[in-house]
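Structure at a glance
Here's the letter readout for the chains.
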Amino acid sequence: MKPKFSMWIPEHKLLCLVETIDFAMNGDIAYVMPEIPDPKNPAYRAYDPKEVVLLLGTGKIDKNGFEIFEGNIIEHKYNSPLSGEEVIHRYQVVWNETFAMFSAVGIGIRNQTSLNSSARRFEIIGTIYTDPELLGVEK
């Protein structure tokens, strides 16, 4: 899998893919460039890694064909086998240090699941940066 990154630029309240990550001789990230189609956009410049939040792609695809990234808020809808009513569960995508894998942590429910076998059941509905209200937090 080729690593893919997105980045949150708080200064511009912008979430975008990463075009370039440049490393210093010591291995630290020297700067990060956003993938923005219009070079005249004021957000199109080199950023110190302390100015942005880098988010790693999971390599997993949601039910609509979009890649799931760390920081995404995903939703799983299904009909309850008992009542037949629609059940909606929301999760935040996080890196799980203990198991060295991405996990989906339940929002408002005490549940955590792996993305490894179930990513195609999920739908990306937002991110923790652009849609904090989906977490029950004010913008």
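So, here is what we can say about the structure in this document. In this text, all values refer to a predicted model and were calculated from it rather than measured experimentally.

Secondary structure summary: the chain contains zero helices and ten strands in total. For the chain, the C-alpha atoms occupy an extent of roughly 55 × 30 × 25 Å along the three principal directions. When burial is assessed residue by residue, the chain has 32% of its 139 residues classed as buried. Counting only contacts in the chain whose residues sit at least 6 apart along the sequence, the fraction spanning at least 24 positions is 42%.

Turning to the sheet that holds strand 2 (residues 14-23), a few remarks are in order. Strand order in this open sheet of five strands is 3-2-1-4-5, and the pairing throughout is antiparallel. The outermost strands of the open sheet, each flanked by one partner alone, are strand 3 (29-34) and strand 5 (67-69). The mean angle between the axes of side-by-side strands here comes to 45°, regardless of whether they run parallel or antiparallel. Bridge count for strand 4 (residues 53-61) against strand 5 is two bridges, and the pairing is antiparallel. In the strand pairing of strand 5, Gly57 is matched with Phe69.

If you look at the biggest cluster of nonpolar residues, it comprises nine residues: Met7, Ile9, Cys16, Val18, Val32, Ile36, Ala43, Tyr47 and Val52. Elements represented by at least two residues in this core include exactly strand 1 (5-9) and strand 2. Those residues in contact with Ala43, other than ones at most four positions away along the chain, are Ile9, His12, Leu14, Pro34 and Ile36. Of all hydrophobic cores here, the second largest spans eight residues; its members include Ile68, Phe102, Leu115 and Phe122.

Take Tyr44: it is sitting in the loop between strand 3 and strand 4. Tyr44 has contacts with Glu19, Met33, Pro34, Ile36, Asp38 and Pro39, leaving out every residue within four places of it along the chain.

Moving on to the sheet that holds strand 10 (residues 123-127). The antiparallel open sheet is built from five strands, whose spatial order is 9-8-7-6-10. The open sheet has two free edges, formed respectively by strand 9 (112-114) and strand 10, since each of these has just one partner strand. The mean angle between the axes of side-by-side strands here comes to 35°, regardless of whether they run parallel or antiparallel. When strand 6 (residues 72-79) meets strand 7 (residues 86-96), the two strands line up antiparallel, connected through seven bridges. Paired with Tyr78 across the strands is Val87, a residue of strand 7.

Attention now moves to the side chain of Asn96. In this structure, Asn96 sits in strand 7. Overall, Asn96 belongs to the buried group, its relative accessible area being 11%. One polar contact links Asn96 to Ser103, side chain to side chain, over a distance of 3.4 Å. Not counting chain neighbours up to four residues away, the residues in contact with Asn96 comprise Met101, Ser103 and Gln112.

Conventions we followed
Residues numbered from 1 in each chain as written. Predicted model: local features only at pLDDT ≥ 70, side-chain atom pairs only at ≥ 80, totals over all residues. Heavy atoms only, no water. Helix = DSSP H or I, 4+ residues; strand = E, 2+ residues; numbered from the N terminus. Buried < 20%, exposed > 50% of the residue type's maximum accessible area, 1.4 Å probe, protein only. Contact = heavy atoms within 4.5 Å. Pairing = 2+ DSSP bridges. Axes fitted to C-alpha atoms, helices over the stretch in contact; angles between N-to-C directions. Core = buried A, V, L, I, M, F, W, Y, C linked by side-chain atoms within 4.5 Å. Polar contact = N/O pair within 3.5 Å; in protein donor to acceptor, adjacent residues only side chain to side chain.

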